[in-house]
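# Descriptive analysis of the structure
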Amino acid sequence: MRLHWYWSTNPQKVRLALEELELSYELLCVDLTTRAQKETSYLRLHPRGKVPALEIDDTVLWESGAALLYLAEREQRLWPAPGPQRALALNLLFLESAAWQLQASVYFYNRVVMPFIGAQPDHSRLEKASTKIQPLLELLNQQLGDSEYLLDEFSLVDCAYAPWLPVLDLEAFPALEGWRDRLARRKAWQACEFTY
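Attention here is on the structure that accompanies the text. Nothing here was measured: the structure is a model prediction, and the numbers come from that model. (Residues numbered from 1 in each chain as written. Predicted model: local features only at pLDDT ≥ 70, side-chain atom pairs only at ≥ 80, totals over all residues. Heavy atoms only, no water.)

### Notes on the overall build of the chain
- Within the chain one finds eight helices and four strands.
- When the elements of the chain are put in sequence order from the N terminus, they spell out β-α-β-α-β-β-α-α-α-α-α-α.
- For 196 residues, the compact-globule estimate of 2.2 N^0.38 gives 16 Å, and the chain sits close to it at 16 Å.
- Taken over the C-alpha atoms alone, the chain extends approximately 45 × 45 × 25 Å along its principal axes.
- Looking at the chain as a whole, 48% of its 196 residues qualify as buried. (Helix = DSSP H or I, 4+ residues; strand = E, 2+ residues; numbered from the N terminus. Rg over C-alpha atoms; globule rule 2.2 N^0.38 Å. Buried < 20%, exposed > 50% of the residue type's maximum accessible area, 1.4 Å probe, protein only.)

Structural data, given as structure tokens:
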């Protein structure tokens, strides 16, 4: 099993899942600063020239959500049994890729990537993203309720959201702050050495 990775959010989701599942894997850095993701050899793995790419079971998963779902089905752990909880897990997993990521990535780009390359954040984009992400934060806050994790117990759904949480403004949602802090204390999170 090989994870083609960089320290950005989507690869971190998959790495966190692999750590939580305690699977053995090789971590291969794809240096986005040198455009290694656009090299012909890498494009054979990931036709869009992005990260991550997970080589597993003689195949390649090049969408982070697809990799999480594949791991859930393959391992039959950290994933609910068929029924209402499975449906909820799928809804939350697809929400992350269909809506959440679009707004959360504005925060990541402006608060992590821009300083990394020596540029100033775009505050107008952050303001727009703040407005658009509020209903999603409210939805997750409601889903979390008094539980420790989104599906009561920790699941691969938490892995989908976890790498975004350090860059978001969660002060208005103490339950989400607590969720982020619990995730950050997990052994798998610490093994991933989030650098932002």
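Back to the text.
### Comments concerning the sheet that holds strand β2 (residues 26–29)
- Across the sheet, four strands lie side by side as β2-β1-β3-β4; this open sheet has mixed pairing. Looking at strand neighbours, the two that pair on one side only are β2 and β4 (59–61), the edges of this open sheet. Taken over all neighbouring pairs, the strand axes of this sheet differ in orientation by 20 degrees on average, direction set aside.
- Pairing of strand β1 (residues 2–5) with β2 involves four bridges; the strand directions are parallel. Bridge pairing in β2 links His 4 to Leu 28.
- Along the sheet face, helix α1 (residues 9–20) touches β1, β2 and β3 (53–56) and points at about 150 degrees away from the line of β1.
- Packing of helix α3 (residues 64–75) onto the sheet brings it into contact with β3 and β4, and relative to β3 it is tilted by some 25 degrees. (Pairing = 2+ DSSP bridges. Axes fitted to C-alpha atoms, helices over the stretch in contact; angles between N-to-C directions. Contact = heavy atoms within 4.5 Å.)

### Re the side chain of Ser 8
- Relative to the elements of secondary structure, Ser 8 occurs in the loop between β1 and α1.
- Apart from the residues lying within four places of it in its own chain, the contact partners of Ser 8 are Leu 32, Val 51 and Phe 108.

### Re the environment of Trp 189
- Tracing the chain through its elements places Trp 189 in helix α8 (residues 187–192).
- Here Trp 189 falls in the buried class, since its relative accessible area comes to 10%.
- Apart from the residues lying within four places of it in its own chain, the contact partners of Trp 189 are Leu 16, Ala 162, Pro 166, Leu 183, Ala 184 and Phe 194.

### Things to note about α1
- Given a rise of 1.5 Å per residue, 12 residues ought to cover 16 Å, and the 16 Å separating the end C-alpha atoms of α1 matches this to within 8%.
- With 11 of 12 residues buried, α1 is to be regarded as a mostly interior element.
- Within the sequence span of α1, burial applies to Thr 9, Asn 10, Pro 11, Gln 12, Lys 13, Val 14, Arg 15, Leu 16, Ala 17, Leu 18 and Glu 20.
- Taken from the residues just after α1, Glu 22 is the one with a positive phi, measuring 55 degrees. (Expected span 1.5 Å × (residues − 1).)

### Comments concerning a nonpolar patch on the surface
- A cluster of nonpolar side chains, contributed by Tyr 109, Phe 116 and Ile 117, occupies part of the molecular surface with about 310 Å² of accessible area.
- With respect to the helices, strands and loops of the structure, Ile 117 is situated in the loop between α4 (84–116) and α5 (123–144).
- By relative accessible area, which is 53% here, Ile 117 ends up exposed. (Patch = residues over 30% accessible without salt bridge, like charges linked within 9 Å, V, L, I, M, F, W, Y side chains within 5 Å. Areas by Shrake-Rupley, 256 points an atom, 1.4 Å probe, with all protein chains shown as cover. Salt bridge = Lys/Arg side-chain N within 4 Å of Asp/Glu carboxyl O.)

### Focus on the packing of α1 against α3
- Orientation of α1 relative to α3, taken along the N-to-C sense of each, is 10 degrees, at an axis distance of 9 Å. By the criterion of interaxial angle, the relationship of α1 to α3 is roughly parallel. The element α1 and its partner α3 pack so that their crossing is left-handed. On the side of α1, the interface is formed by Asn 10, Lys 13, Val 14, Ala 17 and Leu 18, while α3 contributes Ser 64, Ala 67, Leu 68 and Leu 71. (Parallel < 35°, antiparallel > 145°, perpendicular 65-115°, else oblique. Left-handed = near helix turned anticlockwise from the far one by under 90°.)

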